[in-house]
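Structural description and commentary
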Amino acid sequence: MAYNLGIPKLDDLIGDIRGGTNIMMIGPPMSGKEDLINIIAYRGLVDRDAAVIVSTREPGNNVLEWFERRNLNISMDRIGIVDCVTRTLGFAAPDTENIKMASSPVDLTGIGVKISQFFEHFWMEMQLRETRLCINSLSTILMYSNLQTVFRFLHVFTGRIKAANALGVYVIEEGMHDAQTIVTLKQLFDGMIEIREGDDGYQIRVVGLTPKPTPWFDYEVNGVDVVLRG
Amino acid sequence: MIETGIPKLDGYLHGGVPEGRSLVYYTYPGVAGDVFGMQTICHATSNGILGVYVASSTDPQMIRDQFSEFGWATEDYNGRFIVVDAFSGLIGADSQERYVVSDPEDVNSLTQCIKKVMEEMSEPGIIVFESLSTIMDLCGESETLDALEEWSQYAMLYDHALVYNFTAWPYSEETLLHVKENVCNSVISVGGITGDVIFGQYFGVLKVDWTDIARKSTLFKVLKPGGIRAYIPKILVTGPFDAGKSTFVHALSNRAISVDRLGTTIALDHGHVDRKGFAADIFGTPGQERFDPIVKLLSGEAMGIFLLLDSTNTTDFKRGKRMLEITESFGLPVVIVANKQDMSEALTPEEIRRELDMPANVQIMPAVAATGEGVFEAFETLVDMVMEVD
Ligand SMILES: Nc1nc2c(ncn2[C@@H]2O[C@H](COP(=O)(O)OP(=O)(O)OP(=O)(O)O)[C@@H](O)[C@H]2O)c(=O)[nH]1
Ligand SMILES: [Mg+2]
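Let me sum up the structure you'll find in this document. (Residues numbered from 1 in each chain as written. Chains lettered and ligands numbered in written order. Predicted model: local features only at pLDDT ≥ 70, side-chain atom pairs only at ≥ 80, totals over all residues. Heavy atoms only, no water.)

This brings us to the overall build of chain A. When its secondary structure is counted, chain A shows seven helices and twelve strands. The C-alpha atoms of chain A give 16 Å as radius of gyration, which agrees with the globular expectation for 230 residues (17 Å, within 12%). Dimensions of chain A, computed from C-alpha atoms along their principal axes, come out at roughly 45 × 40 × 30 Å. Of all 230 residues assigned to chain A, the portion counted as buried reaches 60%. In the structure as shown, chain A presents an accessible area of about 9300 Å², 48% of it carried by carbon and sulfur atoms. (Helix = DSSP H or I, 4+ residues; strand = E, 2+ residues; numbered from the N terminus. Rg over C-alpha atoms; globule rule 2.2 N^0.38 Å. Buried < 20%, exposed > 50% of the residue type's maximum accessible area, 1.4 Å probe, protein only. Areas by Shrake-Rupley, 256 points an atom, 1.4 Å probe, with all protein chains shown as cover.)

Rendered as structure tokens:
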């Protein structure tokens, strides 16, 4: 079992990512992390993997629309979204095929149950052996629960990613948390996708999946293509 | 006694939770243990018992919606369903509830509110906590454990039963042990069968101090609407050609499909049954000998077997017995269904027993699959047998 991010040059440099890997994606607000994580999920769908996206910032429908708007030739029955937003906005939305509703970002029990249900569904009923879990974002979850609580939650679910030979990607907003929080959480991950502001837009690199970090690249997102320069 | 409303569990607990006692649903993360508490309070309130639900991670209005998704109409319980709002304060929202915890991150604030509601309840009732683990996360492990003792004493004073949903995140060993052994009169473990993913879910009694412990576990499934069902993942329906297997599967099931050709099954029938708290997936085999390899393939991991016989067709009875061998079902619970009892030349179950030379303890039950007569009786008999096996 091996995974690619779907970011051309970076994928070449880091090679196949082995099943069971957990990656933190960290960068400043508004740097396009949302597009990047959706693109990583999208790449999974292209590779015939399943994708489970936990959305804490946007209603599940918006996430689905992100995929629909781009007119991608992918089968939507391999996307599962855990929506932690809609119900906190006061909408009594029922679950759908693609979207399961959690009560709120505080409801880690519920979020965990929904993630597991999607994993079981993709594994058992659809016989898919490669699944990506994208959590966007841990920062929102950290606003509602303390570090220790989130750490326990992640401890369980990074473990499940290992057991299922899946790929986990977890978004963190840079600048929203103290250094101690980041250091604590880092222990749970095998590597990081880092984003920073460069002279000419944003830059990206991958740390921890190869003996040395990759170089920084300027990048631009075009639909589902990430174009790297430099 | 206040029944939990969870299939099988009230049997294990000798009727439910006695007044003044406590129970915790101790749940493995990722398993749908939260529904246990929900089902317990709805079962109680719909039976006329006063129920209080302590909401810690869900907006109270959303809670009512969540309950109604399962088909539990809290607004019909005539004010017997009370919510303690320990959520709104967390996100700085206003609350419409009568009982509101001003600071959900302070266990004293919670204790105050819980004591108040216990005092004001007009009669002994049941208090269900949406998530003890969330309370622990917000208020601290040892603080919460101390508070639990206080709540228990108070509940005992007023004869209220306490029920907690608890997700066993990796807290300190000490905390987990304490929850499992000390803080409640009974502990129900709600677990997952894990491998690469969680394949199945089960519950069992870890501790109970008012009756003997039943060392059994029950697989379950959560249906929406419906709630917790004791669940049998595979029941096999086999038997000779034309005995009525496909008809039986369809008569029994809420929904079913068959892979047939020209009226005979060439691959399988599959149906899902949901009845009286029990759910099962039913698999019908083909009957013709040329499909015997498929029968063998289908029978792996079956937990119980129906052998369907056409009661008018004595020449095929031997073939029926032979099919039990093909399924390699030795030792599994079996119910023989004497089908087509509507036909005048049908043998009675006792006549069939003699023909087959079956001992008296083998269940042979009459049925008319074509009209559905007898099929549920047969189902309930087999489910009982499967659930009694450990
Ligand atoms: N009179 C009567 N006919 C029945 C009954 N149950 C089934 N049949 C009829 O028996 C025939 C065979 O029924 P099926 O359900 O297809 O039998 P089966 O065991 O699945 O057959 P195969 O898959 O070919 O082995 C059909 O014509 C049914 O209508 C019954 O209780 N009474
Ligand atoms: Mg058939």
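Additional details are given in the paragraphs that follow.
Attention now goes to the coordination of the magnesium ion (ligand 2). Residue and element names in this part refer to chain B. The magnesium ion (ligand 2) binds to the protein through Ser246 (OG) and Thr265 (OG1), with metal-donor distances spanning 1.9 to 2.1 Å. Linking Ser246 in helix α9 (residues 245-252) with Thr265 in strand β12 (residues 264-275), this pair joins segments that are 19 residues apart in sequence. Considered together, Ser246 and Thr265 belong to a single accessibility category, that of buried residues. (Donors = N, O, S within 2.8 Å, 3.2 Å for Na, K, Ca; no water.)

Residue placement: A:Arg160 occurs in helix α6 (residues 147-163). Here A:Arg160 occupies a buried position and makes no salt bridge, while the nearest side chain of opposite charge, A:Glu120, is found at 11 Å. (Lys, Arg positive; Asp, Glu negative; His and termini not counted. Salt bridge = Lys/Arg side-chain N within 4 Å of Asp/Glu carboxyl O.)

At the junction of the two partners, chain A supplies 32 residues and chain B supplies 32 residues. Where chain A abuts chain B, roughly 2500 Å² becomes buried across the two surfaces, and 59% of that area is made up of carbon and sulfur atoms. It is A:Arg87, A:Thr109 and A:Arg152 that lose the most area in chain A upon contact with chain B, and together they represent 24% of the buried surface on that side. The tally of links between chain A and chain B comes to four salt bridges. (Contact = heavy atoms within 4.5 Å. Buried area = accessible area lost by both parts, 1.4 Å probe.)

Note that side chains of opposite charge can pair when their charged atoms are close. For the structure shown, the criterion picks out 29 salt bridges over all chains. A:Arg87 serves as the salt-bridge partner of B:Glu69, at 2.3 Å between the closest nitrogen and oxygen. Note that B:Glu69 is positioned in helix α3 (residues 60-69) and A:Arg87 in the loop between β5 (79-83) and β6 (99-101), a pairing that runs across two chains. Between B:Asp209 and B:Arg21 there is a salt bridge, and its shortest N-O distance comes to 3.0 Å. Of this pair, B:Asp209 sits in the loop between β8 (198-208) and β9 (217-223) while B:Arg21 is found in the loop between α1 (9-12) and β1 (22-27), placing the two residues 188 residues apart along the sequence. For B:Asp209, a relative accessible area of 41% gives the class partly exposed. Residue class for B:Arg21 comes out partly exposed when judged on its relative accessible area of 28%. Residues joined in a network through salt bridges with shared partners are A:Lys33, A:Glu34, A:Arg57 and A:Glu173.

Another point: the site of ligand 1. All names here are of chain B. Around ligand 1, the structure places 18 residues, and the nearest of them are Lys245, Ser246, Thr247, Thr264 and Thr265. In the model, an oxygen atom of ligand 1 is placed 3.2 Å from a nitrogen or oxygen of the Asp242 main chain. Backbone polar atom of Ala370 to an oxygen atom of ligand 1: 3.3 Å apart, as the coordinates give it. Here ligand 1 loses 79% of its free accessible area of 650 Å² to cover by the protein chains. (Near = heavy atom within 4 Å. Polar contact = N/O pair within 3.5 Å; in protein donor to acceptor, adjacent residues only side chain to side chain.)

All names here are of chain A. Two numbers describe how helix α2 (residues 33-46) lies on helix α3 (residues 60-69): the axes approach to 11 Å, and their chain directions differ by 65°. In this structure, α2 crosses over α3, and the sense of that crossing is right-handed. Mapping the contact onto sequence places Asp35, Asn38, Ile39, Ala41, Tyr42 and Leu45 in α2 and Val63, Trp66 and Phe67 in α3. When its residues are assigned to classes, the contact of α2 with α3 shows seven nonpolar, one polar and one charged. (Axes fitted to C-alpha atoms, helices over the stretch in contact; angles between N-to-C directions. Left-handed = near helix turned anticlockwise from the far one by under 90°. Nonpolar A, V, L, I, M, F, W, Y, C, P; charged D, E, K, R; others polar.)

Another point: the sheet that holds strand β3 (residues 21-27) of chain A. All names here are of chain A. Strand order in the open sheet formed by ten strands is β6-β5-β4-β7-β8-β3-β9-β10-β11-β12, with mixed pairing between adjacent strands. The outermost strands of the open sheet, each flanked by one partner alone, are β6 and β12 (225-229). Going from strand to strand, the sheet's axes swing by 25° on average, the running direction of each strand aside. Alignment of strand β10 (residues 201-207) against strand β11 (residues 217-222), held across two bridges, turns out to be antiparallel. By the bridge assignment, Gln203 is partnered in β11 with Asp218. Contacts from α2 reach β3, β4 (50-55), β5, β7 (131-136), β8 (167-173), β9 (191-198), β10, β11 and β12 within the one sheet, and its direction differs from that of β7 by about 165°. (Pairing = 2+ DSSP bridges.)

Residues and elements named next belong to chain B. For Asp10, the location among the structural elements is in helix α1. Of the side chains bearing the opposite charge, Lys8 lies closest to the buried Asp10, which forms no salt bridge; the N-O distance is 11 Å. Reaching out from Asp10, the side chain makes a polar contact with the backbone nitrogen of Gly5 at a distance of 3.0 Å. In contact with Asp10, other than residues within four places in its own chain, are Glu3, Thr4, Gly5, Gly15 and Gly16.

Turning to the environment of A:Ala51, a few remarks are in order. Residues and elements named next belong to chain A. Here Ala51 lies in strand β4. Here Ala51 falls in the buried class, since its relative accessible area comes to 1%. Through-space distance from the C-alpha of Ala51 to that of Val171 is 15 Å; in sequence the pair is 120 residues apart.

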